[in-house]
Amino acid sequence: MNLKRIRAIAKKEFKHLFRDIRMLLILLLFPVFLLGIFGYAVNFDVHHIKIVVYDEENSSISKEFINSLTKSTYFDLVGYINNDSQIREILDGKKAQSVVVIPKNFSKDFYSKQETKIQFLIDGVDGNTANIIQFYSTAATQSLNAKLTTEVLSRAGTKSFVPIDLRPIFWFNPDLKSTRFFIPGLIAMILIITAAVSVSLSLVREKERGTIEQINVSSIKSSELLIGKTLPYVLLALVNAAMILIAGYILFDVVVKGSYPLLFLSTLIFLIASTSIGILVSVVSDSQQVAFSIATMVTMLPSFILSGFVFPIESMPAIIQVITNITPAKFFINVLRAIVLRGVGVFAIWDQLLYLILYASILLGAAILIYSKKEAKS
Amino acid sequence: MKTIIHIIRKEFLQFKRDPKMFGIILIAPIIQLIFLGYAATLDLNTVHTIFYDQDKTTTSRNFIEEFKSSGFFQIDHYADNYEDVQTYIEKGKSLVAIVIPKDFEKKINRRETTQLQAIFNGSDGNSASIAAGYIAAITTTFSKQIVKDFIDVSGRKISTVGKISAETRVWYNPELKTRNFMVPAIVGLLVSIVTLILTSLAVVKEKEIGTLEQLIVTPIRPLQLIIGKLVPFLILGFVSVTIVIVAMNIIFGIHVRGSVVFLFFSSFLYILSTLGLGLFVSTVSKTQQQAMMIAIFAVMMPMIYLSGFAFPVENMPTIIQYISYVIPLKYFITIIRGVILKGNGFVQHWFDATMLLTMGILILFFSALRFRKRLE
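Residues numbered from 1 in each chain as written. Chains lettered and ligands numbered in written order. Predicted model: local features only at pLDDT ≥ 70, side-chain atom pairs only at ≥ 80, totals over all residues. Heavy atoms only, no water.

### Points about the packing of aromatic side chains
Within this structure, the stated rule accounts for 35 aromatic pairs over all chains. Aromatic side chains Phe-135 of chain A and Tyr-136 of chain A sit 6.2 Å apart centroid to centroid with 25° between the ring planes, which places their arrangement in the stacked category. Of the residues examined, Phe-135 of chain A reaches a relative accessible area of 31% and is grouped as partly exposed. An angle of 55° between the planes, with centres 4.9 Å apart, marks the rings of Tyr-38 of chain B and Phe-252 of chain B as tilted. Here Tyr-38 of chain B is found in helix α3 (residues 28-39), whereas its partner Phe-252 of chain B is found in helix α10 (residues 222-252), with 214 residues between them in sequence. Judged by relative accessible area, Phe-252 of chain B falls into the buried class, the value being 14%. Within the aromatic cluster, the residues linked to one another by ring pairs are Phe-38, Phe-181, Phe-182, Phe-304 and Phe-309 of chain A together with Tyr-305, Phe-309 and Phe-311 of chain B. The lysine or arginine in question, Arg-337 of chain A, covers the ring of Phe-181 of chain A, its NZ or CZ lying 3.5 Å from the ring centre. For Lys-330 of chain B, the ring lying beneath its charged end belongs to Tyr-331 of chain B, and the centroid distance is 5.8 Å. (Phe/Tyr/Trp six-rings, centres within 6.5 Å; stacked < 30°, edge-to-face > 60°. Buried < 20%, exposed > 50% of the residue type's maximum accessible area, 1.4 Å probe, protein only. Helix = DSSP H or I, 4+ residues; strand = E, 2+ residues; numbered from the N terminus. Lys NZ or Arg CZ within 6 Å of the ring centre and 35° of its normal.)

Structure (structure tokens):
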């Protein structure tokens, strides 16, 4: 390998990049802009659950319960109904997420020492949200139960006994906001797409236009060509990464708790891995259309769904868990969350970095191998 | 009419000549559906837990046993000190550490309240809050059992007061599986990707190669050219909708509960807007590279994030919710989920369908206008 030749290729590629200003602006500004909008969109924090109440009893207790529900920010009362048949209409039409049914003999049953049930009918289409609604509903009912029980018991002169008082403590994220958990994933996804897709086109374009022949007949080796082609894009993506992290800090208060040099190093390794996907795609495809389709297929959805960005990898079936290794975003997200959110040092993430290096070398190696074979054939 | 058919035939010939592309269009969506369908789940089946039992008595062991037998908790480790707890949580190995205090059994026997600590790795807020729900449920049951045992021993009647409990019933998706929510939406997403990319590239490619010039000098009228270019992609879009819905049925056992006719009708309305967007992208870009980047960043990414595909629109800030109103995929996903999971039809979704139709026509009209101007 000859450093001079690599530099020459890189320089040529830079010139290409700067000639197309529109493209350069898209590559530089869009990622930050997207982070700004999507950062606000990515969260699972369920508030303002729309409820409709069917109060069959209309007593002071039932009213008090409804009041206590709507006083919190978790539930928003959007209406009342007065018969069963309307429930289906409301849930089918997505007018409310849950219908609360308070039975006829609600307070009478309770004061005559019987068990009475408040029904919550929940729209389960979104299983995750439904799960959380279920949790809030049960908690609200339990606190009503505890309150009334204490009242009844104190009138009788005894005290209620709660054996275990559960005290949950949430480290790293005390108010359980999901946004900060998702921002690293969003960063990884934006970076991998920018890096992989832009590189994947660079080589194919030369193939389509025929300029690749000229390069082939020159004395440049395939490894030099591929590395030279990658470098400018890695640099560009690095600028991108810095801008995104600054935007994350300004807009979403994502403070980097760990060390900056470590963050820089891991970002660099990740970007090399991402661009190597692009290079491999570029080598195997003959037209920009094919290259682009493959590049989006292997980066966009997998980095969203298989990387652990949104969906926890531990919950996936075993085979899929193995397959998640196809996206370098998985490792980078682990690293980012560790450095940015938990502020841990290299001891917790060295294995992830190693995977990334391995990943990049396998892909780059394959690309160089396939390319030199193709060249030899022609 | 004849000219249009000729252009359509030409487009299909081009497809046939590029077998790699053909494979990508037809097979890739199925492969993706399989992977993504299995992977896209937020269900928390295993909570990685460590216990720090300072008490080590029969009661504390019984308590731990409750967690083991629930099936949701996998105990990774029994810690001996807080440092141990800290390492496990910091490394992200375990989601929660439950600390049982020293006088756990003693206090319970004396009928005093004992405090139980649960330390979560809160960085994944969603998983942490679901796990907290599980732990609260187990603790409550355990507490109730203790109280009941006491009352039994002292020989009094079990219920001294009445009780109010919540009865939650989940409709449409009783097992609360995220997959049922995600897979139909993936259908919508894949269809958008296929139709949008193909359209935007097909036109720019002719521009770049220079064959567009040749088409312009022929007596073909711009409108004919647009229709002839778009119809093949409309057909391909329908083919991929069909393939993906059949695959969804076979692989995941998710049946379409509502009207299939309405589902296809709304797919048609939706594809109108993706084709329009594709055409629009092709008019604003000079090279295929530009077209691709614009297609990804300006159209596809907003579709993924703002359509309610994974992140519920209801959770977003109000301003972002307004932005989501201009995303056609939002309406299409609402329809797909309603028809497939709830068995809804036109009655519940007339508004979404109307929105799709309006947006489709508007987008298509304006991009066609722009495209025509460029040609002339």
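Further notes follow.
### Brief notes about the environment of Leu-236 of chain B
Residues and elements named next belong to chain B. Relative to the elements of secondary structure, Leu-236 occurs in helix α10. Measuring from C-alpha to C-alpha, the distance between Leu-236 and Leu-198 comes to 9.7 Å, with 38 residues separating the pair along the chain. Not counting residues within four places of it along the chain, the set of residues in contact with Leu-236 comprises Phe-15, Ile-25 and Leu-198. (Contact = heavy atoms within 4.5 Å.)

### Quick look at the sheet that holds strand β2 (residues 75-80) of chain A
Pairing is mixed in the open sheet, where five strands are placed in the order β2(A)-β1(A)-β3(A)-β4(A)-β5(B). Each edge of the open sheet carries a strand with a single partner, namely β2 of chain A together with β5 (163-171) of chain B. Sheet twist, expressed as the mean angle between neighbouring strand axes with direction ignored, is 30°. Where strand β4 (residues 115-123) of chain A meets β5 of chain B, nine bridges bridge the pair, whose relative direction is parallel. Among the inter-strand pairings, Phe-120 of chain A is bridged to a residue of β5 of chain B, identified as Thr-168 of chain B. The strands that helix α6 (residues 127-156) of chain A touches are β1 (49-55), β2, β3 (98-102) and β4 of chain A together with β5 of chain B; relative to β5 of chain B, the one it contacts most, it runs at about 170°. (Pairing = 2+ DSSP bridges. Axes fitted to C-alpha atoms, helices over the stretch in contact; angles between N-to-C directions.)

### Section: the domain arrangement of chain A
Domain parsing of chain A yields domain 1 (3-42 + 177-377) and domain 2 (49-155). The gap between the C-alpha centroids of domain 1 of chain A and domain 2 of chain A is 49 Å. (Domains from an automatic or database assignment.)

### Quick notes on the pairing of strand β2 (residues 73-78) of chain B
Residue and element names in this part refer to chain B. Judged from the five bridges that link them, strand β1 (residues 47-53) and β2 form a sheet pairing that is parallel. Looking at β2, one finds that His-48 is bridged to Gln-74. Considered for its hand, the β-α-β crossover made up of β1, helix α4 (residues 58-70) and β2 is right-handed. (Right-handed = clockwise from strand over helix to strand, strands pointing away.)

### Considerations on the interface of chain B and chain A
The interface of chain B with chain A comprises 117 residues on the first partner and 116 residues on the second. Both faces combined, the contact of chain B with chain A buries some 10,900 Å², and carbon together with sulfur accounts for 68% of it. The three residues of chain B that bury the most area against chain A are Ile-164, Gln-289 and Phe-297 of chain B, which together make up 8% of that side's buried surface. There are three residue pairs in polar contact (both at pLDDT 80 or more) connecting chain B and chain A. With 17 residues, helix α7 (residues 125-154) of chain B is the single largest residue contributor to the side of chain B that touches chain A. Classifying every residue of the side of chain B that touches chain A by side-chain character gives 63 nonpolar, 36 polar and 18 charged. (Buried area = accessible area lost by both parts, 1.4 Å probe. Polar contact = N/O pair within 3.5 Å; in protein donor to acceptor, adjacent residues only side chain to side chain. Nonpolar A, V, L, I, M, F, W, Y, C, P; charged D, E, K, R; others polar.)

### Structural notes on the environment of Ala-10 of chain A
Residues and elements named next belong to chain A. Mapping Ala-10 onto the fold places it in helix α1 (residues 3-19). In this structure, the C-alpha to C-alpha distance between Ala-10 and Glu-224, residues 214 residues apart in sequence, is 9.7 Å. Apart from residues lying up to four places away in sequence, Ala-10 is in contact with Gly-228, Leu-231 and Pro-232.

### Comments concerning the pattern of salt bridges
A complete count under the given rule lists 11 salt bridges over all chains for this structure. With a closest N to O distance of 2.3 Å, Lys-147 of chain A and Glu-64 of chain A form a salt bridge. Taken together, the residues Lys-147 of chain A in helix α6 and Glu-64 of chain A in helix α3 (residues 60-71) connect sequence positions 83 residues apart. Taking the relative accessible area as the measure of exposure, Lys-147 of chain A reaches 40% and is therefore partly exposed. For Glu-64 of chain A, a relative accessible area of 35% gives the class partly exposed. For Asp-123 of chain A, the salt bridge identified is with Lys-342 of chain B, shortest N-O distance 3.1 Å. Of this pair, Asp-123 of chain A sits in strand β4 while Lys-342 of chain B is found in helix α14 (residues 328-342), placing the two residues in two different chains. Across the pair, Lys-342 of chain B and Asp-123 of chain A agree in class, each one buried. (Salt bridge = Lys/Arg side-chain N within 4 Å of Asp/Glu carboxyl O.)

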